[in-house]
Amino acid sequence: MTSTTDLHNFLRTRRSIRRFKPDPVADSVIQNILTTATFAPSAHNRQPWRFVVVTDLSVKEKLANAMAQDFERDLTRDGLSPEKIQSQINRSKERITSAPVAILLCLDMSEMDSYPDEKRAQAERTMAVQSVAAAGLQLLLAAHVEGLGGVWACWPLFAQETIQKTLNLSKSWEPQAMFFIGFPVETPEARERKPLKDIIIFK
Ligand SMILES: Cc1cc2nc3c(=O)[nH]c(=O)nc-3n(C[C@H](O)[C@H](O)[C@H](O)COP(=O)(O)O)c2cc1C
């Protein structure tokens, strides 16, 4: 029987892993991870999460190249030097192509409630985004259960349409994040956490 201390320690030992062995991850393991991700809580139990699993190198390359164009446009607008832009683009391409599995997490609003007023419509959207994020965390913890590492990448938010076009996704699948998953080649130290006294108020 696993003790609660062991379980807490397990949850606390998840790390963002950014470098992976080239070894593939079995489809059954990916299915297990995604099944666990779908046990996340969601507003009205509408489960607005959608997943695109990319393991094919040619698809990863296509995606990396398409996203790089958006990235280059944004960094050019930011006024970065061509060398800096190239190095950031190369790094992002490498991130996608070197991960054995890239999982795109999307938000689908089509089954969420509709409201005539902006305030409630916005609250409903926030609920859906929060639900999708809960599935994202559950996905990372499930990967940790499997002895895999993973990292959350937020940059799909900056290239939503490009990703939809490249992967031929329905317009209702709004890219939110990408998770890179594989067997870790690094064991990073835990990043510092704010002390509880700074972030909690007991009343
Ligand atoms: C919403 C969100 C977006 C993130 N985006 C990125 C990202 O684009 N690139 C990256 O390397 N890490 C990203 N991370 C990972 C964080 O940097 C990481 O979780 C944080 O530094 C704490 O480290 P830990 O996960 O090892 O505890 C993101 C995490 C979250 C929750």
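Keep in mind it's a predicted model, so treat the numbers as computed, not measured.

1. As for the sheet that holds strand 4 (residues 174–182)
One open sheet accounts for four strands, arranged 1-2-4-3; its pairing is antiparallel. For this open sheet the edge positions go to strand 1 (49–54) and strand 3 (149–153), each flanked by a neighbour on one side alone. Averaged over all adjacent pairs, the angle separating strand axes in this sheet is 25°, with direction ignored. When strand 3 meets strand 4, the two strands line up antiparallel, connected through five bridges. Looking across to strand 4, one finds that G149 is bridged to G182.

2. Quick look at the packing of helix 2 (residues 27–37) against helix 5 (residues 118–145)
Interaxial distance between helix 2 and helix 5 falls to 8 Å at its minimum, and their mutual angle equals 140°. Looking at the two axes, helix 2 sits oblique to helix 5. For the pair helix 2 and helix 5, the sense of crossing is right-handed. Two secondary-structure elements touch here, helix 2 through I33, L34, T36 and A37 and helix 5 through A135, Q138, L139, A142 and A143. Of the residues in the contact of helix 2 with helix 5, the class split is seven nonpolar, two polar and no charged.

3. Comments concerning the packing of helix 3 (residues 57–77) against helix 4 (residues 82–98)
Running from amino to carboxyl end, helix 3 crosses helix 4 at an angle of 155°, the nearest separation of the two axes being 9 Å. When the interaxial angle is binned, helix 3 and helix 4 end up roughly antiparallel. Two packed elements cross with a definite hand, and for helix 3 against helix 4 that hand is right-handed. Contact residues: L57, K60, E61, A64, N65, M67, A68, F71, E72, L75 and T76 in helix 3; I85, Q88, I89, S92, K93, I96 and T97 in helix 4. Its residues assigned to classes, the contact of helix 3 with helix 4 comprises nine nonpolar, five polar and four charged.

4. Brief notes about the side chain of D108
Within the secondary structure, D108 sits in the loop between strand 2 (101–107) and helix 5. A distance of 3.4 Å separates the side chain of D108 from the side chain of R50, its partner in a polar contact. In contact with D108, other than residues within four places in its own chain, are P48, R50, S172 and W173.

5. So, the pairing of strand 2
When you tally the buried positions in strand 2, you get seven out of seven residues, the bulk of the element. Side chains V101, I103, L105 and L107 project from strand 2 onto one buried face, and the interleaved A102, L104 and C106 project onto a second face that is buried too. Pairing analysis gives six bridges linking strand 1 to strand 2, with the strands arranged antiparallel. Following the sheet pairing, V54 is matched in strand 2 by A102. Two elements, strand 2 and strand 4, share seven bridges in a ladder whose sense is antiparallel. Within strand 4, the residue paired with V101 across the bridge is I181.

6. Regarding unusual backbone geometry
The phi angle at H44 is positive, at roughly 55°, despite the residue not being glycine. Tracing the backbone shows H44 in the loop between helix 2 and strand 1. Not every positive phi belongs to a glycine, and Q47 is a case in point at roughly 50°. Along the chain, the position of Q47 falls in the loop between helix 2 and strand 1.

7. Details of a nonpolar patch on the surface
A cluster of nonpolar side chains, contributed by L196, I199, I200 and F202, occupies part of the molecular surface with about 470 Å² of accessible area. Along the chain, L196 turns up in helix 7 (residues 196–199). Look at L196 and you get exposed, because its relative accessible area is 56%.

8. Observations regarding the site of the ligand
Around the ligand sit R14, R15, S16, R18, R95, V151, W152, A153, C154, W155, R191 and R193, and that is every residue in its neighbourhood. Here R193 contributes a side-chain N or O atom positioned 2.9 Å from an oxygen atom of the ligand. Protein chains bury 66% of the 620 Å² of accessible surface belonging to the ligand in isolation. Cavity membership is defined here by more than half of the atoms lying within 2 Å of grid points; on that basis the ligand lies in the largest pocket. Element by element, the count of residues in the shell around the ligand is highest for strand 3, at three residues.

About the criteria used
- Residues numbered from 1 in each chain as written.
- Predicted model: local features only at pLDDT ≥ 70, side-chain atom pairs only at ≥ 80, totals over all residues.
- Heavy atoms only, no water.
- Pairing = 2+ DSSP bridges.
- Helix = DSSP H or I, 4+ residues; strand = E, 2+ residues; numbered from the N terminus.
- Axes fitted to C-alpha atoms, helices over the stretch in contact; angles between N-to-C directions.
- Parallel < 35°, antiparallel > 145°, perpendicular 65-115°, else oblique.
- Left-handed = near helix turned anticlockwise from the far one by under 90°.
- Contact = heavy atoms within 4.5 Å.
- Nonpolar A, V, L, I, M, F, W, Y, C, P; charged D, E, K, R; others polar.
- Polar contact = N/O pair within 3.5 Å; in protein donor to acceptor, adjacent residues only side chain to side chain.
- Buried < 20%, exposed > 50% of the residue type's maximum accessible area, 1.4 Å probe, protein only.
- Patch = residues over 30% accessible without salt bridge, like charges linked within 9 Å, V, L, I, M, F, W, Y side chains within 5 Å.
- Areas by Shrake-Rupley, 256 points an atom, 1.4 Å probe, with all protein chains shown as cover.
- Salt bridge = Lys/Arg side-chain N within 4 Å of Asp/Glu carboxyl O.
- Near = heavy atom within 4 Å.
- 1 Å grid on protein atoms, 1.4 Å probe; cavity = no way out; pocket = protein on both sides within 12 Å on 5 of 7 lines; lining within 4 Å.
- Sits in = over half its atoms within 2 Å of the grid points.

Function cannot be read off these values alone, since they describe shape.
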